[in-house]
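Read off the chains here:
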Amino acid sequence: MTRTQKQAEHNGDSSEKQHGRGAGSAVQSVDRAVSVLEILARVGEAGVTEIAEELDVHKSTAFRLLGVLENRGLVAQAKDRGKYYLGAAVLRLAGAAAVRLDISQEGVPVCRELADELGETVNVAVLDDDAAVNIMQARGTASVTAQNWLGRRTPLHATSSGKVLLAHMPPTLREGLLARTLPRFTERTITGTSVLRAELEAVVEQGYGVTIEELELGLAAVAAPIRAHDGKVIGAISVSGPVYRLNSDRLPELAKRTVAAGAELSRRMGYGF
């Protein structure tokens with residue numbers, strides 16, 4: 001091996017070691033940040049000195065961790081006492097997780113009953129950033145060969161559940177999504193903003209959304225909103241199947257049953273009490 005090759009190998013080793021140390025330091029920082037949240041969850045509030053002692057780190061390290069967490073809203077500071085406590089962002093994250101768990105648990109009997117009654121695939125979807133993600137699924141007798149939608153992220157503008165979620169979004173958020181280029185999946189996919197806005201207005205007015213071959217050829221679906229105790233739309237329940245079964249003659253009745261299932265699941269989530 002030449003001197004140049006040895007030097008290159010040495011430089012590579014050094015780079016890997018430095019990278020490893022950097023990665024290890026980052027992991028340690030994340031671990032400590034999580035520990036801070038756990039401490040505050042346990043004691044309610046604590047000062048920099050207390051947290052530093054719990055973590056066995058210097059006060060400056062604890063202060064930096066708290067600063068990052070405070071910037072992200074995960075902790076807040078009582079200025080008059082110099083104590084830190086869990087911030088609103090933690091509640092937001094916990095609430096989102098709780099909503100998914102609650103819908104999944106409460107939705108099982110509702111989805112099962114609807115799938116058995118209609119013989120089609122029934123899904124519950126929630127908003128996941130700029131897509132709808134299916135968090136539970138029940139299959140009816142006619143859909144034994146249907147594809148599995150569980151865990152799949154689907155576009156908001158081209159699915160019935162997505163249209164329901166999009167229609168009930170805060171206007172600013174919805175307009176931000178509509179300002180993007182909307183991908184076309186079939187000839188029937190709605191990609192024009194003005195046409196889609198009109199479609200979303202109809203979703204709100206009639207209480208359900210419909211797609212016919214907008215995501216996949218041969219596939220049709222109808223979806224209705226699921227509301228939380230405060231009336232906010234937190235998900236959508238949908239019925240999907242081949243267009244030859246979910247045709248124009250059958251869709252009105254399917255929509256009626258899906259809306260009723262959405263109302264029942266909303267009731268189980270506390271809406272209407």
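No experiment lies behind these values; they were computed from the predicted model shown. Per chain, residues are indexed from 1 in the order of the written sequence. With pLDDT at 70 or above as the cut-off, local features in this predicted model cover only qualifying residues; side-chain atom pairs require 80 or more to be listed or tallied, and sums for whole chains, interfaces and linings still use all residues. Only hydrogens and water are removed before side-chain values are computed, so all heavy atoms of the structure are retained for them.

What about the packing of helix H5 (residues 160–167) against helix H7 (residues 193–206)?
Angle between the axes and distance between the axes: these two values describe a pair of packed helices.
Then comes step 1: Every angle, taken between N-to-C directions, lies between 0 and 180 degrees, and every axis is a line fitted to C-alpha atoms, over only the stretch in contact when it is a helix. Helix and strand definitions follow DSSP, with helices as H or I runs of at least four residues and strands as E runs of at least two, each counted in order from the N terminus. At their nearest, the axes of H5 and H7 sit 9 Å apart, and the two run at 85° to each other. Comparing their axes, H7 and H5 come out roughly perpendicular. Each of Lys163, Val164, Leu166 and Ala167 in H5 lies in contact with H7, whose residues at this interface are Leu196, Glu199, Leu200, Val203 and Val204.
Then comes step 2: The residue classification treats Ala, Val, Leu, Ile, Met, Phe, Trp, Tyr, Cys and Pro as nonpolar and Asp, Glu, Lys and Arg as charged. All others, Gly included, are polar. The class makeup of the residues in the contact of H5 with H7 is seven nonpolar, no polar and two charged. Our angle categories are set so that under 35 degrees counts as roughly parallel, over 145 as roughly antiparallel, 65 to 115 as roughly perpendicular, and the remainder as oblique. Residue contacts follow a heavy-atom distance rule, with two residues in contact if any of their heavy atoms lie within 4.5 Å.

Here we look at the side chain of Arg257
Then comes step 1: Turning to its location among the elements, Arg257 is positioned in helix H8 (residues 251–268).
Then comes step 2: Classification of Arg257 by relative accessible area gives buried; the value is 19%.
Then comes step 3: Any N or O atom pair separated by 3.5 Å or less is treated as a polar contact, with the protein-specific requirement of one donor-capable and one acceptor-capable atom, and with residues adjacent in sequence counted only for side-chain atom pairs. Polar side-chain contacts of Arg257 include one of 2.6 Å to the side chain of Glu117.
Then comes step 4: Not counting the four nearest positions on each side in its chain, Arg257 is found in contact with Leu114, Glu117 and Leu118. Exposure categories follow from relative accessible area, calculated using a 1.4 Å probe and restricted to protein chains: below 20% of the type maximum is buried, above 50% is exposed, and the middle band is partly exposed.

Describing the pattern of salt bridges
Then comes step 1: Note on definitions: salt bridges are taken to be side-chain nitrogens of Lys or Arg within 4 Å of carboxyl oxygens of Asp or Glu. For the structure on display, the rule yields 17 salt bridges.
Then comes step 2: In this structure, Arg257 engages Glu117 in a salt bridge whose closest nitrogen and oxygen atoms are separated by 2.6 Å. One end of the pair, Arg257, is in helix H8; the other, Glu117, is in helix H4 (residues 88–118), with 140 residues separating them in the sequence.
Then comes step 3: A salt bridge links Arg197 to Glu175; the shortest N-O distance between them is 2.6 Å. You can see Arg197 sitting in helix H7 and its partner Glu175 sitting in helix H6 (residues 171–178), a full 22 residues away along the chain.
Then comes step 4: Because the salt bridges share partners, they merge into one network encompassing Glu106, Glu264, Arg267 and Arg268.

Quick notes on helix H2 (residues 48–55)
Then comes step 1: Turning to H2, its buried residues number three or more, namely Val48, Ile51, Ala52 and Leu55. On an axial view of H2, the arc spanned by its buried residues comes to 100°, and they lie on one face.
Then comes step 2: Just past H2, the residue Asp56 takes up positive phi, approximately 60°. Comment: arc refers to directions from the helix axis out to C-beta atoms.

Remarks on the sheet that holds strand E4 (residues 131–138)
Then comes step 1: The strand order across the open sheet built from six strands is E5-E4-E3-E8-E7-E6, with neighbouring strands paired in antiparallel fashion. The open sheet terminates on both sides in strands that have one partner only, identified here as strand E5 (153–155) and strand E6 (209–212). Strand-to-strand twist across the sheet, computed as the mean angle between neighbouring axes with direction ignored, equals 30°.
Then comes step 2: Should DSSP find at least two bridges between two strands, the strands are taken to pair. Relative to strand E8 (residues 233–242), strand E3 (residues 121–128) runs antiparallel, the two sharing five bridges. By the bridge assignment for E8, Thr121 is matched with Ser240.
Then comes step 3: Strands in contact with H8 are E3, E6, strand E7 (219–227) and E8; relative to E7, the strand with the most contacts, it is inclined by about 30°.

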